[in-house]
Amino acid sequence: MESTYEHTHIPLTTVSSGEGHEVSIDMYCYCIQFVNICLIGNPTSKSKTWFLVDAGMPHSADNIIQLAEDRFGTMTKPQGIILTHGHFDHVGALAELLEHWDVPVFAHEQEIPYLTGKANYPEGDSTVNGGLMSELSPLFPNHGINLGDHVKALQEGGSIPGLPDWQWIHTPGHTPGHISLFREKDRSLIAGDAFVTVKQESLYRVFLQTQEISGPPKFFTSDWEAAAASVKKLNQLRPSLAVTGHGTPMRGEELTSQLANLADHFNEVAMPEEGRFVH
């Protein structure tokens, strides 16, 4: 297993960094600099079984481990780590976490080349409109990582071993193998970067965590037709709660109306006017 983030330092943060949100008894969302991870599992249950969704920024492993131990105890480890996708801010601490926990990593089969050292993502696109984060994006890491035998392809049909109430949904566009997670019984959604609740292209709005539903981060999205279809697919689920890769959790009528607007007017409000992958 190869860690390629040893010398990566991203000096960007937000007012929400270090904040956690217990959005339900068995869902805990935590912000690391400007990206969210999610812990799924009930800390009051006897089994204390849980899963980690995404793996945060480089050099955040100790923080994630401490968070998990505070919530589930020092003698427990996740049953697995589920990746919505493999961009640097979602896998940054993964190599160090696997050295500590040695658990399987689940991802969509189309994302596995980026997790086994066989492919790199496109470089960040500074030509998309939107703000300083877009302009800085070519400086962000875009290389794949090599997790070796730790990474496992998610089962067809949407089931997740150990999480019977949840299903994974293929939501490509931001990356080829991007997934979201959905629980029908309470209509909880973990959307990854299929859509986000902050305008991720704007450094000012990212820093303040100004809440608004926005499309997938423009500077790293490589297939806009697929991205639009994925947002429409998630809107049809009518989620009552959404935890996204960036921004604070959103629920209720605000989520319903803003997500519907994004789905109905995706090309106007989410797609950049220009960029390498627009046309």
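Residues numbered from 1 in each chain as written. Predicted model: local features only at pLDDT ≥ 70, side-chain atom pairs only at ≥ 80, totals over all residues. Heavy atoms only, no water.

Q: Now, about the environment of valine 91: what can you tell me, with residues and values included?
A: Mapping valine 91 onto the fold places it in helix α2 (residues 88-91). Residue valine 91 is classed as buried on the basis of its relative accessible area, which comes to 1%. A sequence separation of 99 residues divides valine 91 from isoleucine 190, and the C-alpha atoms of the two residues are 16 Å apart. Apart from the residues lying within four places of it in its own chain, the contact partners of valine 91 are Tyr5, Ala55, Gly56, Leu83, His85, Gly86, Leu115 and Ile145. (Helix = DSSP H or I, 4+ residues; strand = E, 2+ residues; numbered from the N terminus. Buried < 20%, exposed > 50% of the residue type's maximum accessible area, 1.4 Å probe, protein only. Contact = heavy atoms within 4.5 Å.)

Q: Let's hear about the packing of aromatic side chains: which residues, and what values?
A: Each aromatic ring pair is summarised here by two numbers: the centre-to-centre distance and the angle between the ring planes. Tallied over the full model, the rule gives nine aromatic pairs. Ring geometry for phenylalanine 88 versus phenylalanine 140: centroids 5.6 Å apart, planes at 40 degrees, classification tilted. Of this pair, phenylalanine 88 sits in helix α2 while phenylalanine 140 sits in the loop between α4 (132-136) and β7 (151-153), placing them 52 residues apart in sequence. We note that phenylalanine 88, like phenylalanine 140, is buried. Taken together, the ring pairs in this structure connect Phe88, Phe140, Phe219 and Phe220 into an aromatic cluster. (Phe/Tyr/Trp six-rings, centres within 6.5 Å; stacked < 30°, edge-to-face > 60°.)

Q: So, helix α7 (residues 252-264): which residues are in play, and what are the values?
A: For α7, built from 13 residues, the straight-helix expectation of 18 Å at 1.5 Å per residue is met to within 8% by its first-to-last C-alpha distance of 18 Å. What α7 keeps buried is the set Leu255, Leu259, Leu262 and Ala263. Take α7 and look down its axis: the buried residues cluster within an arc of 95 degrees, on one side only. In α7, the exposed positions that point more than 90 degrees away from the buried face belong to Glu253 and Asp264. (Expected span 1.5 Å × (residues − 1). Arc of directions from axis to C-beta.)

Q: So what's going on with the sheet that holds strand β3 (residues 35-40)? Residues and values would help.
A: Across the sheet, seven strands lie side by side as β1-β2-β3-β4-β5-β6-β7; this open sheet has mixed pairing. Because the sheet does not close on itself, it has two edges, and the strands there are β1 (20-24) and β7. Across the sheet, the axes of successive neighbouring strands diverge by a mean angle of 25 degrees, strand direction being ignored. (Pairing = 2+ DSSP bridges. Axes fitted to C-alpha atoms, helices over the stretch in contact; angles between N-to-C directions.)

Q: How would you summarise the pattern of salt bridges if you had to cite specific residues and measurements?
A: If you walk through the whole model with that rule in mind, you get seven salt bridges. One salt bridge connects lysine 185 with aspartate 165, and the closest N-O pair in it is separated by 3.1 Å. Linking lysine 185 in the loop between β9 (179-183) and β10 (188-192) with aspartate 165 in the loop between β7 and β8 (166-170), this pair joins segments that are 20 residues apart in sequence. Here lysine 185 falls in the exposed class, since its relative accessible area comes to 62%. According to the relative accessible area criterion, aspartate 165 is partly exposed, its value standing at 43%. One salt-bridge network, held together by shared partners, links Asp26, Arg183 and Asp186. (Salt bridge = Lys/Arg side-chain N within 4 Å of Asp/Glu carboxyl O.)

Q: Tell me about the pairing of β1, residues and numbers included.
A: In terms of strand pairing, β1 meets strand β2 (residues 27-32) through four bridges, oriented antiparallel. The residue of β2 that forms the bridge with histidine 21 is cysteine 29. Here β1 folds back onto β2 in antiparallel fashion, the turn holding two residues.

Q: For the environment of glycine 41, give the residues involved together with the corresponding values.
A: By the secondary structure assignment, glycine 41 is in the loop between β3 and β4 (51-53). You can call glycine 41 buried: its relative accessible area is 7%. C-alpha separation for the pair glycine 41 and aspartate 26, spaced 15 residues apart in sequence, amounts to 4.5 Å. Once residues lying within four places of it in the same chain are set aside, the contact partners of glycine 41 are Ile25, Asp26, Thr49, Trp50, Arg71 and Phe72.

Q: Explain the pairing of strand β11 (residues 241-244) to me, and be specific about the residues and the numbers.
A: Where burial is concerned, the two faces of β11 agree: the one with Leu241 and Val243 and the one with Ala242 and Thr244 are both buried. In the sheet, β10 pairs with β11 via four bridges, with the strands oriented parallel. When the bridges of β11 are listed, leucine 189 appears paired with alanine 242. Of the strand pairs in this sheet, β11 and strand β12 (residues 250-251) are connected by two bridges, and their pairing is antiparallel. By the bridge assignment for β12, alanine 242 is matched with methionine 250.

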